[in-house]
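# Tertiary structure, described
Single-letter residue listing:
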Amino acid sequence: MAAAKPVTKLYGWAISPFVSRALLCLEEAGVDYDHVTMSRSAGDHRRPDHLARNPFGQVPVLEDGDLTLFVSRAIARHVFRKHKPELLGSGDLERAAMVDVWTEVEAHQFQPAAGAIVVECVFAPLLGRARDQRRVDENVGKLRAVLEVFEARLAGKHRYLAGGDDVSLADLSHFRFDQTFHDNKNCRLFKLPQEASSSSSRARLRRNFLAAAAEHKSSGAEDLLALITTSTGANKDMAKGEDTATVPKVYGVAASPFVATVLVCLEEAGAAYELVPLDMAAREQRAPHHLARNPLGKIPAFEDGDLTLFESRAIARHVLRKHRPDLLGGGDPARSATLDAWTEAEAHQFHPPASHILRQCVILPMIGGGRDQRVVDENVSRLRAVLDVYDARLAKHRYLAGGEEASLADLAHVGVMLMLMGTEFGRVVEERGNVKAWWDRIAARPAVRKVAALVDAEVAVLSTQSSG
Ligand SMILES: N[C@@H](CCC(=O)N[C@@H](CS)C(=O)NCC(=O)O)C(=O)O
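A quick note: this is a predicted structure, and the numbers were derived from the prediction, not measured.

It is worth spelling out the site of the ligand at this point. Residues in close proximity to the ligand include His-108, Ser-256, Phe-258, Gln-285, Gly-297, Lys-298, Ile-299, Pro-300, Glu-311, Ser-312 and Arg-313, which together make up its full environment. For the shell around the ligand, the residue count by class is three nonpolar, five polar and three charged.

Ordered in space as S6-S5-S7-S8, the four strands form an open sheet in which the pairing is mixed. A single partner strand is all that each edge strand has here, and the edge strands are strand S6 (274-276) and strand S8 (307-310). Between one strand axis and the next, the sheet turns through 20° on average, direction left out of account.

Turning our attention to the pairing of strand S1 (residues 8-11). Summarising the sheet, S1 and strand S2 (residues 33-36) pair through four bridges and their orientation is parallel. In the sheet register, Thr-8 faces S2, and the bridge partner there is Tyr-33. Of the crossover connections in this fold, the one passing from S1 over helix H1 (residues 17-28) to the parallel S2 is right-handed. By the bridge criterion, four bridges tie S1 to strand S3 (residues 61-64) in an arrangement that is antiparallel. Note that in S3 the partner of Lys-9 across the bridge is Glu-63.

With that settled, consider helix H4 (residues 93-126). Along H4, the sharpest change in direction is near 45° and occurs at Gln-111; proline Pro-112 comes one to four residues later. The first or second residue beyond H4 is Gly-128, which carries a positive phi of 75°.

Reading across from one edge, S2-S1-S3-S4 is the order of the four strands in this open sheet, with mixed pairing throughout. A strand with exactly one partner marks an edge of an open sheet, and here the two such strands are S2 and strand S4 (67-70). When the angles between neighbouring strand axes are averaged without regard to direction, this sheet yields 15°.

The linkage connecting Val-59 with the following residue, Pro-60, adopts the cis geometry, with an omega of 5°. Within the fold, Pro-60 resides in the loop between helix H2 (48-53) and S3. Cis peptide bonds are those with omega within 30 degrees of zero, and the linkage from Ile-299 to Pro-300 qualifies with 5°. Along the chain, the position of Pro-300 falls in the loop between helix H11 (288-291) and strand S7 (301-304). The backbone of Val-71 shows a phi angle near 80°, a positive value even though the residue is not glycine. Residue placement: Val-71 occurs in the loop between S4 and helix H3 (72-83). Look at Val-71 and you get buried, because 25 C-beta atoms sit within 10 Å.

With that out of the way, let us pick up the packing of helix H14 (residues 373-396) against helix H18 (residues 433-443). The axes of two packed helices give the description: the angle between them and the distance between them. Viewed as axis vectors pointing N to C, H14 and H18 meet at an angle of 75°, and their least axial separation amounts to 7 Å. Relative to H18, H14 is oriented roughly perpendicular. On H18, the residues touching Leu-387, Tyr-390, Asp-391, Leu-394 and Ala-395 of H14 are Asn-434, Val-435 and Trp-438. Split into classes, the residues belonging to the contact of H14 with H18 amount to six nonpolar, one polar and one charged.

This part is about the nonpolar core. Counting 117 residues, the largest nonpolar core has Ala-22 and Val-262 as its most contacted members. It is H4 that provides the largest number of residues to this core, a total of 14 residues. Once residues within four sequence positions are removed from consideration, Ala-22 is found in contact with Leu-10, Pro-60, Leu-62, Ser-72, Ile-75 and Ala-76.

Parameters and conventions
- Residues numbered from 1 in each chain as written.
- Predicted model: local features only at pLDDT ≥ 70, side-chain atom pairs only at ≥ 80, totals over all residues.
- Near = placed C-beta within 6 Å.
- Nonpolar A, V, L, I, M, F, W, Y, C, P; charged D, E, K, R; others polar.
- Pairing = 2+ DSSP bridges.
- Helix = DSSP H or I, 4+ residues; strand = E, 2+ residues; numbered from the N terminus.
- Axes fitted to C-alpha atoms, helices over the stretch in contact; angles between N-to-C directions.
- Right-handed = clockwise from strand over helix to strand, strands pointing away.
- Bend = angle between axes of the 7 residues up to and from the residue.
- Buried ≥ 20, exposed ≤ 12 C-beta atoms within 10 Å, placed from the backbone.
- Parallel < 35°, antiparallel > 145°, perpendicular 65-115°, else oblique.
- Contact = placed C-beta atoms within 7 Å.
- Core = buried A, V, L, I, M, F, W, Y, C linked by C-beta atoms within 7 Å.

Spelled out as structure tokens, the structure:
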């Protein structure tokens, strides 16, 4: 009898760093899978069969039995949860939190800068357009700053980003952006995933990548950056703050959507906490005592006993993992995977346009800047497209991860939604019946109402200060 075909399928073109990341995770986990190659230039990702797999029309998509999953980081989490949970720190609250923190740093600090450089230096030539040198320079600066933080983190006792001697998702998620730099003779900046991923999986992925690049008639993989040299950060002391009181502390202001989302999760959890305000006008977030909590100099930061965390989505996961695991899928792998995909949709589809709109319409007016209507219009139309996908999803499900119960996937939207609904662009939500009904349900939750009152009060004070 013929051997049964693997039921796991990964869709997408290997030249995409996101597809490569998913492939690496499947390889690392030793999964038997089929790679279904697709052609971007032929528009395979816009065809109905693919849109049924991923309504955002992107690759990669994973099919694992009955489960269809999009977004590379959600795929990575699913694959590791199922086959190599140690790479997520599963079963160890503190380790899992640190894996989440540094995975979020990859997603929100490393990848935007590295991604922009790769787009300009690899993909622009492939597509026959000149690179935008100003964009490259700007992002090389940002990348250097992120790598300084990595350098400090890795200079002391930690061999890997989440800490200690063991590799985790936090390191592996940098693939293939790091690999693209490695392929350039002038760039030796980030060695860990290279060392961490097994040589056979790397060799296989490299073959795929070069084959795909050859298909696109390019030597782009070999000749990209001549810009970046090894990062040489000082070994900064990452000591914790002095306060060792047991009530967990959130450092930041509720008017920050990132902080507000963390507060909502704490309220949902019924956990005790103290909100410790920072003087943002005096840039206290960049003061050494706050940099010791969050080396990126941002809010929120969170202290829970000996554990110091940053990155709002990692803090949210930690709080829920500790107090409300039901809001993370409650041990049901398919539900956890689906809610990861929609939490990633929040971070990478909903958040970018919504936060551009808020910056133009709320933040800039508050600090005396003018609004750029072109940026607003562009992002309103991006947001409409995203909310159309949400509307279709919510026509079938009461909540984004499916079913009758809310989850992190919904709560992750709260910080930005609270602010957005206070602007004229709340109408983009109001116009979509299913999205509106969903938001009404979320906004009615006691935890959300409590945080909303806090945000309103802070925004009122800030507005008075800025007009005074
Ligand atoms: N990805 C981070 C973003 C945090 C962030 O950008 N916070 C803003 C407040 S809304 C901040 O601290 N800005 C101050 C600064 O960058 O100096 C998270 O989710 O925590």
